[in-house]
Amino acid sequence: MASRPRAVIAGVYNTTQARQLDGATSRSLSVEAILGALADAALGLDDVDGISAGELSTELIYDLRLGPAWHGSGFGLGMIVEAVAAIEYGLADVVVVVAAQAGAYRNHSSTAPWTKPENEFIIPWGMFTAAEFALVARRHMAVYGTTRHQLSIVASTIRNNGSLNPGAVYFGRGPFQPADVEASPMIADPFHLLDCAMTSEGGCALVIANADRIDASIAPVHLLGAGADFFGPSYKVPPAWDLVGRRGDDVNGMVGRRAADRAFRHAGLERDDVDVLELYDPFSFEVIRQLEAFGFCGDGEGGPFVEDGRIALTGSHPVTTDGGLLSYSHAGVNPQMLQRAIRAVEQIRRRAGELQVRDARVALCSNGGSGALFTTVLLLGDEPS
Amino acid sequence: MTSGAPNTLPPQSGAVPHADATTLTTPFWQGCAVGELRFQRCTDCNHPNFPPTEHCRMCASFNQVWERSTGRGRLYSWTVVNRPVTPAFVPPYAPAIVTLDEGYQMISNIIGVGVDALRIDLELRVEFHRVGDDALWLPYFTGARP
């Protein structure tokens, strides 16, 4: 019996990210990102026999003449896990994972379209993502005593990373002090403007390939472990901290704990083995919550945990080193999710420039949040597990 | 219907976006129009079920009946929105998760109390307000003790 193929991440690429990319479309950005990631992997379009691009998958198979090809149906970090599985089970050898958006949000009198599904029991009360996540944050503040200042530390730390990142939409916008966050306009209490993800346009892609197919000059990055926890549909039911399923005591407030436990167990790693945390940061509080959910600190201790510089670039737990959704980019439903993994790859490959975490070999990245009733986790590293 | 003292959060007065009711959810909205807050209860396991589903979320039985809630509950969590989701909403307004005395939770807005009075476990009661020109009656929640 032949040995099973091993899949690796062989290339990554971000297009230009900006508040608005005039002339670009989601498809044009997707193609640009695919070509960029393939060049980074020293591969070409002729090598590709699989794609994961959400709703654009079949279109891009046709428009890039990739057929016959496998396509995935996941979203966010799940697209990467699915592509690895497809390669390791022999469904494809070179898969491009891509997401991009331009032109979907130009009338800013309302919040972005991806922030507000039209649910009967949500929409008449003016709900949108900032309010959903605020309901979780406010509960945590009341139960555990998490402070407004602790939220500000998270927001200013991540935004200061972004201000040093030449690729970030808000490059050069900073440095911020915690007080600057609280001085920005109130959006949905406790969140001020600088606590909240931006809206932007851009694309990105990863190439995931059978390790046998990549050139010796390419430094592969390995998927060491993964997890995915869902409690229900995003933005259609109350995002209660204490929402619990029938199988145990895990609550929605700690969504992602099971995912992280499974990822670490599969990888054979401990929390201390992680060098950099590319956490999903739709709102400042979510980083505090994820540090608790993933077991980097105890329940309710996320606020104090971020207070002493631990999450800064030079700290023991550097988070979201490109500036994340707050400062790097947030181009819709999906690109910013993949960009957590792309940043992890850049860190592991020592390509983060001024924002490089020293000796970064193992990265944890995440998607989602308690306000959206799901959290997914990847562990990536420079060596196979 | 009371509308609260000055400097308290008002209900929305203009038309707000809403989705059409379905066969499943129509009893809830019919209840609102006659001043009753309704939820489903499972006749097999007694679980209170909301938002409505064909089956009981607890035991998966299809034997559910609509029941009238006391409309009393407590504030589970809240936010005060200053940047409205669409221009149809006049800020500030206070989306909240309310835990009804029957044990289920729903999203609503808190009205008739000041922003500074909002706190976890604040005792609440339902108050129905007609919004916009169409016949949409929305259940809001206000302080249980005037």
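Reference entry: report on the structure contained in this document. Bear in mind that the values here come from a model prediction, so they are computed numbers and not experimental data.

## With respect to the overall build of chain A
Secondary structure assignment for chain A yields 11 helices and 11 strands. Against the compact-globule benchmark of 21 Å for 385 residues, chain A has a radius of gyration of 20 Å, which places it among compact chains. With the C-alpha coordinates of chain A rotated into their principal frame, the extents come out at 55 × 45 × 45 Å. Going through the 385 residues of chain A one by one, you find that 61% of them count as buried. Within chain A, residue pairs in contact and separated by at least 24 positions form 75% of the contacts whose partners lie at least 6 positions apart.

## Regarding the packing of helix H4 (residues 129–144) of chain A against helix H8 (residues 284–293) of chain A
All names here are of chain A. The geometry of H4 relative to H8 is characterised by a closest axis approach of 10 Å and an angle of 55 degrees between their N-to-C directions. On the basis of the axis angle, H4 is oblique to H8. The two elements H4 and H8 cross, and the hand of that crossing is left-handed. Along its contact with H4, which presents Phe 133, Ala 137 and His 140, the element H8 presents Phe 285, Glu 286 and Arg 289. Its residues assigned to classes, the contact of H4 with H8 shows three nonpolar, one polar and two charged.

## Focus: the pairing of strand S8 (residues 136–143) of chain B
Residues and elements named next belong to chain B. A large share of S8 lies buried, amounting to six of its eight residues. Of the strand pairs in this sheet, strand S7 (residues 123–131) and S8 are connected by eight bridges, and their pairing is antiparallel. Paired with Phe 128 across the two strands is Pro 139, which belongs to S8. In sequence, S7 turns back onto S8 through a hairpin of four residues, with Gly 132 there showing a positive phi of about 70 degrees.

## Quick look at the environment of Thr99(B)
Residues and elements named next belong to chain B. Summarising the element assignment, Thr 99 is placed in strand S5 (residues 94–100). The exposure class of Thr 99 is partly exposed, given the 19 C-beta atoms found within 10 Å. A sequence separation of 16 residues divides Thr 99 from Val 115, and the C-alpha atoms of the two residues are 19 Å apart. Among residues more than four places away in sequence, those in contact with Thr 99 are Gly 73, Arg 74, Tyr 76 and Gln 105.

## Describing unusual backbone geometry
Of the consecutive residues Gly174(A) and Pro175(A), the connecting peptide bond is found in the cis state with omega at 0 degrees. For Pro175(A), the position within the fold is in the loop between helix H5 (148–163) and helix H6 (178–183). A cis geometry characterises the amide bond from Asp189(A) onward to Pro190(A), with omega recorded as 10 degrees. Summarising the element assignment, Pro190(A) is placed in the loop between strand S5 (186–188) and strand S6 (191–192). Of note, the phi angle at Ala60(B) is positive, near 65 degrees, even though the residue is not glycine. As for its placement among the helices and strands, Ala60(B) is situated in the loop between strand S2 (48–49) and strand S3 (64–68). With 13 C-beta atoms counted inside 10 Å, the residue Ala60(B) sits in the partly exposed group.

## Some thoughts on the sheet that holds strand S8 (residues 222–230) of chain A
All names here are of chain A. Spatially, the four strands line up as an open sheet ordered S8-S11-S10-S9, and their pairing is mixed. Bordering the open sheet on either side are S8 and strand S9 (276–278), each of which pairs with just one other strand. For this sheet, the mean angle separating the axes of adjacent strands, direction not counted, is 15 degrees. Both S8 and strand S11 (residues 374–381) contribute to a ladder of eight bridges, which runs antiparallel.

## As for the interface of chain A and chain B
At the interface, 28 residues of chain A touch 30 residues of chain B. If you tally residues by element for the side of chain A that touches chain B, the top one is H4(A), at six residues. Looking at the side of chain A that touches chain B, its residues break down into 17 nonpolar, five polar and six charged.

About the cut-offs
- Residues numbered from 1 in each chain as written.
- Chains lettered and ligands numbered in written order.
- Predicted model: local features only at pLDDT ≥ 70, side-chain atom pairs only at ≥ 80, totals over all residues.
- Helix = DSSP H or I, 4+ residues; strand = E, 2+ residues; numbered from the N terminus.
- Rg over C-alpha atoms; globule rule 2.2 N^0.38 Å.
- Buried ≥ 20, exposed ≤ 12 C-beta atoms within 10 Å, placed from the backbone.
- Contact = placed C-beta atoms within 7 Å.
- Axes fitted to C-alpha atoms, helices over the stretch in contact; angles between N-to-C directions.
- Parallel < 35°, antiparallel > 145°, perpendicular 65-115°, else oblique.
- Left-handed = near helix turned anticlockwise from the far one by under 90°.
- Nonpolar A, V, L, I, M, F, W, Y, C, P; charged D, E, K, R; others polar.
- Pairing = 2+ DSSP bridges.

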